[in-house]
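Working through the structure, step by step
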Amino acid sequence: MTDKSIWVVDFGGQYNQLIARRVREAHVYCEVVPWFKCVKRLADERPAGIIFTGGPASVYAEGAPKLPRAFFESGVPILGICYGMQMMAHVLSGNVYSPDYKEYGRVALRRSGAGADPGDPLFAGIPEETVCWMSHTDYVERVPEGFRVCAQTDNCPAAAMENAERKLYGVQFHPEVHHTPFGQKLLSNFLYGICGCKGDWTPANFAKAKTEEIRRRVGGGRVLCALSGGVDSSVAAVLTHKAVGDRLTCIFVDHGLLRKDEGEQVMEVYGRRFRMNIKRVDAAERFLGKLAGVGDPEEKRKIIGGEFIRVFEEEARKLLSKEGGADYLLQGTIYPDVVESGNGESAVIKSHHNVGGLPADMKLELLEPLRLLFKDEVRKVGEELGIAPELVWRQPFPGPGLAIRCLGEVTPEKLRILRESDAVLRAEIDAYNEDLFARTGKRNYGAEDDDGGERAVWQYFTVLPNIRSVGVMGDLRTYDHTVGIRAVTSVDGMTSDWARLPYSLLETVSNRIVNEVDGVNRIVYDITSKPPGTIEWE
């Protein structure tokens, strides 16, 4: 796929993953590549085009990320966005300046004047006067020799520049955000008109290409799958099973951190329905022992990740000793996991157990076929593979399980409260949906947007925030746990908004949890979006 792909070169900007999504929405495959790795990769690979992202640095500051001048001589089309444009101009001997006036937000953009041409390939079909989204403190004051200005704003002398002969383009604004109304058109112009992409990347093509890639990479080796039963690991398992068949062995680690009855459901679906080689490992005591006394969320994630690998290595020796052991560990890692754990210049938000928690001396080579896919793309691939809709569209559940919904130390008592309260929440939302469907023929999973329309809930669960408070039950004073309800709407998990669950539904859930789950006397509802919060609490 590399000869037909686009590279999104990461300079640490806040919209980097959004650029990748916009490229894929144009049906063009792309990869996010850290800036410090792209020079070496370009020596071995030739992408169809390269997009430089924005970033927080000033290009003239000491230590600011830069690419060598020779990088721009490859002939590969390049589009620099914000910092990417500034870096291009700086390296090619233009001038980048920090003016007194900064630009943030929606700004009027005009393409007339300064030699701009309405026929520019980057701006084909885009009005000569429009608006764009700016977010910068520096700008290109003088474009490099051989470039010309394509667009301006009142306060930015070079809002866009080009050297069509060398296929080098730059825009100071952000075409990837919704607030730039022509942004997708501009990106499509670059992808199709300049890079020559065909727009033929689809879930079907991805599944076919990835299956062949897995088959070539694994060869005659054997694969262990870290199967949790969630969407990501399920799609990864089915995809790999198509490639290597019975040389895939799925190991389901019951770490004692699952939801109510989840272990039995996993074995039923994958052991009997899919007829995969699957073994259940009961490691609850082992994991809870390692987590005893640990309250820091990052430490919990790393402990769980490390123990996962150790369990797999042990099971590999037990199951596959006659065949010489396993060679690969298959995981359902997806792109938001990688991003939040730190990728390239991006900041670490939280280490995912399957990314940041892996031990350095791991014996198995990682196989992560979904690593560069967003959640909605994973689901589309799952549908293409023929996985049942009720499994493909199952709501996400984190690998560390209830450990990261239990703030502070993880104990059996806290896990009991989480399991029982979560089961109540899920049961009531299911019942609400069945009733709604019976009355209207529609399902909105209990959520309404601000305009009263329907919007599906991406994920819903309960959390235990490690807070106790005074209550009154049966005329007696109580001092029991608080349970939080979290329900969000999202498309890909990168951003989310809190779901507007009906008050009647929340009331029913609250009453049931307080009355049915011992040790709980207070229910709260989390109405925080992402950002500033994350979907999970830890």
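Everything below is about the structure shown above.
Described in the following lines is the structure provided in the data block.

**Section: the sheet that holds strand β4 (residues 78–81)**
- If you walk across this open sheet you meet the seven strands as β2-β1-β3-β4-β11-β10-β9, and the pairing is mixed. Strands with a single pairing partner mark the edges of an open sheet, and in this sheet they are β2 (30–34) and β9 (148–151). In this sheet, adjacent strand axes meet at a mean angle of 20° when their direction is disregarded.
- Here four bridges tie β4 to strand β11 (residues 168–171), and the two strands are oriented parallel to one another. The residue of β11 that forms the bridge with Ile78 is Leu168.
- Strands β1 (6–10), β2 and β3 (49–52) of the sheet are contacted by helix α2 (residues 35–44), whose axis makes an angle of about 110° with β2.
- Where helix α3 (residues 83–91) meets the sheet, its contacts fall on β3, β4, β10 (160–163) and β11, and the angle it forms with β4 comes to roughly 115°.

**What to know about the packing of aromatic side chains**
- One pass over the full model with this rule turns up 13 aromatic pairs.
- Summarising the aromatic geometry, the rings of Phe11 and Trp35 are spaced 6.3 Å apart at their centres and angled 15° between planes, so their arrangement reads as stacked. Placement of the pair is Phe11 in the loop between β1 and α1 (16–25) and Trp35 in helix α2, with a sequence separation of 24 residues.
- Look at Phe11 and you get buried, because its relative accessible area is 2%.
- Given the relative accessible area of 19%, Trp35 is considered buried.

**Details of unusual backbone geometry**
- Geometrically, the link from Lys530 to Pro531 is a cis peptide bond, its omega value of -15° lying close to zero.
- Each neighbour pair has its own omega, and for Pro531 with Pro532 the value is 15°, a cis peptide bond.
- In the Ramachandran plot, Lys167 falls in the positive-phi region, its phi being about 60° despite a non-glycine side chain.

**Overview of the nonpolar core**
- Residues Ile6, Leu79 and Phe123 are the most contacted members of the largest nonpolar core, which totals 130 residues.
- Setting aside residues no more than four positions away along its own chain, Phe123 makes contact with Leu109, Arg111, Cys150, Ala151, Ala160, Phe173, Phe182, Leu186 and Asn189.
- If you look at the next biggest cluster of nonpolar residues, it comprises 31 residues, including Val9, Met87, Val91 and Leu168.

What counts and what doesn't
- Residues numbered from 1 in each chain as written.
- Predicted model: local features only at pLDDT ≥ 70, side-chain atom pairs only at ≥ 80, totals over all residues.
- Heavy atoms only, no water.
- Pairing = 2+ DSSP bridges.
- Helix = DSSP H or I, 4+ residues; strand = E, 2+ residues; numbered from the N terminus.
- Axes fitted to C-alpha atoms, helices over the stretch in contact; angles between N-to-C directions.
- Contact = heavy atoms within 4.5 Å.
- Phe/Tyr/Trp six-rings, centres within 6.5 Å; stacked < 30°, edge-to-face > 60°.
- Buried < 20%, exposed > 50% of the residue type's maximum accessible area, 1.4 Å probe, protein only.
- Core = buried A, V, L, I, M, F, W, Y, C linked by side-chain atoms within 4.5 Å.

The quantities given are spatial measurements derived from coordinates; they are silent on function.
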